[in-house]
Amino acid sequence: MTFLDAAVALIFNAILNGAPLMFGTMGEILTEKSGNLNLGVEGMMYMGGAFGIAGAYYYGRMAGENASGALAILIALLFAFLAGAFGALIYSFLTITLRTNQNVTGLALAILGTGAGQFLGEYMRIREGGYVAVSIALKDQFQNPVFPAFLQNIPVIGKIVFGHNLFVYLGIVIAVLMTVYFKKTRWGLNLRAVGESPATADAAGINVNRYKYLATVIGGGISAIGGMVYIMTIAGGVWNHEGLAGEGWLAVALVIFCLWRPLNALWGSALFGALMILYMRVHLPIPDEIYKILPYVVTVVVLVITSMRRKKEDHPPESLGNAYFREER
Amino acid sequence: MRERKQPLFHLVKRSELPAKYAWMIRLLSLLAAMLVGALIFLLLGSNPVKAYGEILSGALGRESARQRVVNIAVPLLGVALAIAPCFKMKFWNIGAEGQITVGAIGATFFALTFGGKYGLFAGKEPSLLLLLMMALGSMLCGAFWALIPAFFRAKWGTNETLFTLMMNYIAIGIVKWLQGGPWEGKPGSQIIPNFHASALLPKVFGVHIGWIVVLVLTVLIFVYMRYTKHGYEIAVLGESTNTARYAGMNVAWITVRTMLLSGAISGLVGFMIVSGANRTLYYGVAGGVGFTAITVAWLAQLNPFAMIVISLLLAVLSKGAGNLETVMGIPTSISDIITGIILMFMLASEFFIRYRLVRSHKESKEAKKA
Amino acid sequence: MDTTCAVRMEEVTKTFGPVVANDRVTLEIRKGEILSLLGENGSGKTTLMNMLAGLYFPDSGRIFVNGKEATIASPKDAFAHGIGMIHQHFKLVNVLSAAENVVLGLEGGALLDIREVSRKIREIAEKYGFSVDPAKKVYDMSVSEKQTLEIIKLLYRGAEVLILDEPTAVLTPQETEKLFDVLRVMKKDGKAIVIITHKLHEVTSLADRVAVLRRGTFVGEVAIGETDAAELTNMMVGRQVSLNIDRSEPENTAPRLKITDLTVVDDEGVTKLDHVNFTAFGGEILGIAGVAGSGQKELLESIAGLCPVKSGEILYTPEGKKPSNLVGKTPMQIKSAGVAMAFVPEDRLGMGLVGGMGMVGNMMLRSWREGGGAFVHHKDPNALAKKVMDELEVVTPDVNYPVRRLSGGNVQKVLVGREIATAPSVLMSAYAVRGLDINTSYTIYNLMNQQKKNGVAVIFVGEDLDVLLELCDRILVLYDGKVSGIADARTVTKEEVGMMMTHLGKGGEADA
């Protein structure tokens, strides 16, 4: 294998491995922009993974031979999204309406969500007699590249640009949409104001709670899709509790690393994805496990540097983590 | 004239609910959570009464099970105690997971270096000297791990929630490296050898002595938070940084000092886990205890004695649920679901302790109409 | 000039609990006119205007906009009626640009054309003579730029009635001039402008008409050409009311605190205290008068060591000891040297008290360091809390009951009681009777008198001139960070003090 081949393979796999993170991160960016720090991403991704595969698996069994790949993907997406949105809805109700502490509530959601995801995964395994995997035909629909072969055969860039499964491109579309939403639309501007200074937003006639609820619930849904993407592509359509562990927390780290910008999540997730698999491909005199903690170390460095530089755009949304309620008089 | 829009209900801050009623509301929310749990059992086609019964008998039925429950509760309680001063100070230390892990590394270092060696530590009995060294090592490591985010917070206002969270994964990564590298036992096993007998915590009533340590710690932390100058400083700082400055307190130092203490206790818990329960170190040494303990501390209203009750409750659930899989074919992870539901309900209950829903009364409406 | 009525408030009343903030006020705001709303602190100016801005809803009374009766229940309603208000605390989002702040919360198409918004902003700016950069982020702006942005926000929303709440309090004299120029242009454009202020010279140089409020009631209104400063002052402060506060002759007075050329500049570069000179004597009560924001807070805080001093000297001479300069000492050192401060901020809690703690915990805020060992000593604070509770008749279920839940008066008693209990040789109190009922107020006056008899130098910052005139021995009047005059409280009249509060008197260098 030439060096170039190795590099292409590395970049390709980095993007593949980063895709679940991309969703997790973008969902959490949306959530945090509204001033909610939802630490339950891990839980929501677990739920997304378990419900996603459950949806695809049971659809596949019911449809049998005639199973449509597109429909299976849609069902998996929908199930994952709804599962995450449901988790985020619980979180929103507690933190926004009942004004509970965001950190503690987020951790409780992480516990509940990982429990629920794992439970569903195991429960299916027990009921279906030891092994749950979607059919190979369906699995391929999730994993196969979407672009025709001739595009993928373009030297070097072919595989990197056109060689991915559907979800990578879906993620890119979401990132672009989110960026446009934040930067170019009225609602995006309002949402940013809610996360920065809810009192000001309130005075400007913006319904603070509605924005917080919507951003958090949709954000939770997007994050959860990441869990489904992991199970259906990287884990090969088999419930894999070990493999999914930690993705959600890494996503929270990536949000900081990306400075709350969705477009940064694209290359950020690929970079983190690369760091996760680098040890298998590049042999440096650094122990493998040290590679794996690099994303966290880098995130800490980014966090420290931004706090030292005091450049306001790079800071977390100002009211992140705080409950808002109008002063009662 | 158009009537002013007014919600049907509005919130009124309660003047002060007697502690008795507050705990009653919490108890009710616990019951409500268990009812929701019962619904899940029904959905699964199981008898909820039987399921809860199995949980109870699985956790408390046999002596060994009860010992296991205490084994689970000890680290939960210990870390909840560690976190309490930070949360009182409104310093959101969610890095206990990492502080436990690093503490465990510190203890393991001494266990591997000295355990079974040098004659002094070669006996079949636990060596007090070695255990003290391990305890000290774990506390220093845990404190150091907590110091890093505290320092940056005090100096540059770096967000401590996100920082401490990241530190968890760095710590776990270091253990993974140690497991497969410098401390690996049989080459290729990715496992650190079991500790020598001299490095194991002795047992009292069948459970490692850590349970006595955390009970003593409970009293100490209670006294520390309530009766010492440090505790007073922490309480004032948690209320208002400005007031603390006004009273001549050194805010940065209090922050750092409290985190050092918190990290040291978490580290000590890490030592108890490796030396008392696991007998070795592996990357899952904290196993989510650092996170669950935060909810324990919060639900206990940062009251150390209430933490005993809550950590025991969660331990019973966790151990008892293990029984369900064998007896009723329900996966063990049901315990996490029920724990999660209980946490959510009890968090929500705080709202009803602080606020009252009041029907918006008519008079004010009419006054506004006039 | 077109002077048709833009807004008319009729018999508007607003109460907060037992306090009547506005009592049947009738007021007219006209197009093409600048109306100045004048009154002392707590006279109800801001409350009245907040009802137009939709922040409060009147208990009774009617509001007419352009002759039609209107209901204003929210800021949105106010906008809809073309009414906009600029509050003292700006409502802006720091990380957003000027243009983004302007369109925040506005209805319209989903896509935001920021360039079009910027163009409109520039148009408005050009029309009225502002200078503004639509792309500039708020966190890069000076206070005056932020204020400009707030005004543009209103104009962009098509406001015809603009209410400005003490807009000059945060501005330098040059910036104030610029603002006034803009306001004059807007007036020519037919806008109705209300400016809340208590600076007389601003009233006379800017306004066309003045309406005066006192203690929530409408006193009267005059056209600016038909009045003078003396009349306005009289309207504002009212006739002297006898309160029958005990006042003893000062005994054994000795200079305790000698302040020389004290100058304080805040973070924004605004001069808050400008070469202040005076001496406070032990055994007397020195009253500090002045409209809000004249430098009272900075004066007390710089003595207490909480506020950095740019230049000047604070010479402190405790009884029987050598004088020392307090500038540069830490708050702790100053406190232990015997200088006590009881500052009651607007929200009552905040600085100086811990809301979540009981009386005992709050007593400890002064003494927590005392005694050896690691433990706090609960016994003394406990006894002290009981003593304060008994002597000041604090109503609380228990000395450990959180003070946040006590009524305002009781909170203040806790604060003042604690400071007095430290047996200080200088006792500074600010707004100690803010919002208190009559009886409690007298309790506090008696405490001050008691301290004076004990030889303490009492500095009493107050809002109510009648109280200052009857309680204090001398009154120092601050005006815009300068000493406007120092008067003998036994001989000076209320009008004279009022004049000093609203004009810079000759007393800048006076020192009794």
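Residue positions are given per chain, counted from 1 along the sequence in the order it is written. Think of it this way: whatever chain is written first is A, whatever ligand is written first is 1, and the rest follow in order. Predicted model: local features are reported for residues with pLDDT of at least 70 only, side-chain atom pairs are reported and counted for 80 or more only, and whole-chain, interface and lining totals are derived from all residues.

## Some words on the overall build of chain A
And step 1. When its secondary structure is counted, chain A shows 15 helices and 0 strands.
And step 2. Computed over the C-alpha atoms, the radius of gyration of chain A is 20 Å, within 12% of the 20 Å expected from 2.2 N^0.38 for a compact globule of 329 residues.
And step 3. In terms of its C-alpha atoms, chain A occupies a principal-axis envelope of roughly 65 × 45 × 35 Å.
And step 4. In this scheme every C-beta is placed from the backbone, and a residue whose C-beta has 20 or more other C-beta atoms within 10 Å is buried, one with 12 or fewer is exposed, and one in between is partly exposed. A burial count over chain A gives 56% of its 329 residues as buried.
And step 5. Two residues qualify as being in contact provided that their C-beta atoms, derived from the backbone, are within 7 Å of each other. Summarising the internal contacts of chain A: among those between residues at least 6 apart in sequence, 79% fall at separations of at least 24. Comment: elements are numbered from the N terminus, with helices defined as DSSP H or I runs of at least four residues and strands as E runs of at least two. Each radius of gyration reported is based on C-alpha atoms, and the globular scaling rule is 2.2 Å times the count of residues to the power 0.38.

## Here we look at the packing of helix 3 (residues 63-88) of chain B against helix 12 (residues 304-328) of chain B
A pair of packed helices can be characterised by two numbers: the angle between their axes and the separation between those axes.
Residues and elements named next belong to chain B.
And step 1. What counts as an axis is a line fitted to C-alpha atoms, over the stretch in contact for a helix, and the angles between N-to-C directions run from 0 to 180 degrees. Relative orientation of the contacting elements helix 3 and helix 12 amounts to 140°, with a least axis distance of 8 Å. By the criterion of interaxial angle, the relationship of helix 3 to helix 12 is oblique. The crossing of helix 3 and helix 12 is right-handed. Only Pro304, Met307, Ile308, Ser311, Leu312, Leu314, Ala315, Val316, Ser318 and Lys319 of helix 12 make contact with helix 3, whose side of the interface consists of Ala65, Arg68, Val69, Ile72, Ala73, Leu76, Leu77, Ala80, Leu81 and Ala84.
And step 2. Of the residues belonging to the contact of helix 3 with helix 12, the class tally is 16 nonpolar, 2 polar and 2 charged. These descriptions rest on fixed angle ranges, namely under 35 degrees for roughly parallel, over 145 for roughly antiparallel, 65 to 115 for roughly perpendicular, and the rest for oblique. For a crossing to be left-handed, the near helix must be turned anticlockwise from the far one by less than a right angle; the clockwise case is right-handed. Polar here means any residue outside two lists: the nonpolar Ala, Val, Leu, Ile, Met, Phe, Trp, Tyr, Cys and Pro, and the charged Asp, Glu, Lys and Arg; Gly therefore counts as polar.

## What about the interface of chain A and chain B?
And step 1. Taken together, the 42 residues of chain A in the interface contact 39 residues of chain B.
And step 2. When residues of the side of chain A that touches chain B are traced back to their parent elements, those giving at least two are helix 3 (69-97), helix 4 (102-127), helix 13 (247-257) and helix 15 (288-309) of chain A.
And step 3. Residue contributions to the side of chain A that touches chain B peak at 16 residues, all from helix 4 of chain A.
And step 4. Considering only residue class, the side of chain A that touches chain B consists of 28 nonpolar, 10 polar and 4 charged.

## So, the environment of Glu350(B)
And step 1. Note that Glu350(B) resides in helix 13 (residues 334-354).
And step 2. For the pair Glu350(B) and Phe152(B), spaced 198 residues apart in sequence, the C-alpha separation works out to 32 Å.

## Describing the sheet that holds strand 15 (residues 324-325) of chain C
All names here are of chain C.
And step 1. A pair of strands is labelled paired if DSSP reports no fewer than 2 bridges between them. Taking strand neighbours across the sheet as the criterion, the 4 strands line up as 12-11-14-15 in an open arrangement whose pairing is antiparallel. In this open sheet, the two strands that pair with only one neighbour each are strand 12 (271-282) and strand 15.
And step 2. Inspection of the sheet shows strand 11 (residues 254-265) paired to strand 12 by 8 bridges, in the antiparallel sense. Across the sheet, residue leucine 257 finds its bridge partner in strand 12, namely alanine 280.
And step 3. The strands touched by helix 9 (residues 296-304) are strand 11, strand 12 and strand 14 (311-316); relative to strand 12, the strand with the most contacts, the crossing angle is about 65°.

## Focus: the nonpolar core
All names here are of chain B.
And step 1. Counting 386 residues, the largest nonpolar core has Leu76, Ala80, Ile83 and Ala297 as its most contacted members.
And step 2. With 15 residues, helix 3 is the single largest residue contributor to this core.
And step 3. Apart from residues no more than four positions distant in its own chain, isoleucine 83 is found in contact with Asn93, Ala96, Ser262, Ala293, Ile294 and Ala297. A set of buried Ala, Val, Leu, Ile, Met, Phe, Trp, Tyr and Cys residues, joined through C-beta atoms within 7 Å, is what we mean by a nonpolar core.

## Side note on unusual backbone geometry
Excluding glycine, most residues fall at negative phi; most peptide bonds, likewise, are trans.
And step 1. Backbone geometry at Arg99(A) places phi at a positive 55°, although glycine is not the residue there.
And step 2. Looking at the secondary structure, you find Arg99(A) in the loop between helix 3 and helix 4.
And step 3. For Gln301(B), which is not glycine, the phi torsion reads 60° and is therefore positive.
And step 4. In this structure, Gln301(B) sits in the loop between helix 11 (289-299) and helix 12.

## Focus on the environment of Pro402(C)
Residue and element names in this part refer to chain C.
And step 1. The topology assignment puts proline 402 in the loop between helix 12 (379-391) and helix 13 (408-421).
And step 2. Given 17 C-beta atoms within a 10 Å radius, proline 402 is considered partly exposed.
And step 3. Residues proline 402 and glycine 361, 41 residues apart in the sequence, show an inter-C-alpha distance of 9.0 Å.
And step 4. Those residues within four positions of proline 402 in sequence are excluded, and the remaining contacts are Gly355, Gly356, Met357 and Gly358.

## Description of the interface of chain A and chain C
And step 1. In this complex, chain A contributes 19 residues to the contact, which on the side of chain C involves 17 residues.
And step 2. Of all the secondary structure elements, the ones that give two or more residues to the side of chain A that touches chain C are helix 9 (186-196) and helix 10 (198-203) of chain A.
And step 3. Examining the composition of the side of chain A that touches chain C, we find that 7 residues originate from one element, helix 9 of chain A, more than from any other.
And step 4. Looking at the side of chain A that touches chain C residue by residue, the class counts come to 7 nonpolar, 5 polar and 7 charged.

## Topic: the sheet that holds strand 7 (residues 161-165) of chain C
Within a sheet, neighbouring strands are paired by backbone hydrogen bonds and run either parallel or antiparallel to one another.
Residue and element names in this part refer to chain C.
And step 1. Strand order in this open sheet of 6 strands is 6-7-8-3-9-10, and the pairing throughout is mixed. Both edges of this open sheet fall to strand 6 (83-86) and strand 10 (217-223), since each of them pairs with a single strand only. Strand-to-strand, the axes of this sheet are offset by a mean angle of 20°, without reference to chain direction.
And step 2. Pairing of strand 3 (residues 33-38) with strand 9 (residues 209-214) involves 4 bridges; the strand directions are parallel. Opposite leucine 37, over in strand 9, you have alanine 211 as the bridge partner.
And step 3. Contacts between helix 8 (residues 229-237) and the sheet are confined to strand 3, strand 9 and strand 10, with strand 9 contributing the most and set at about 30° to the helix.

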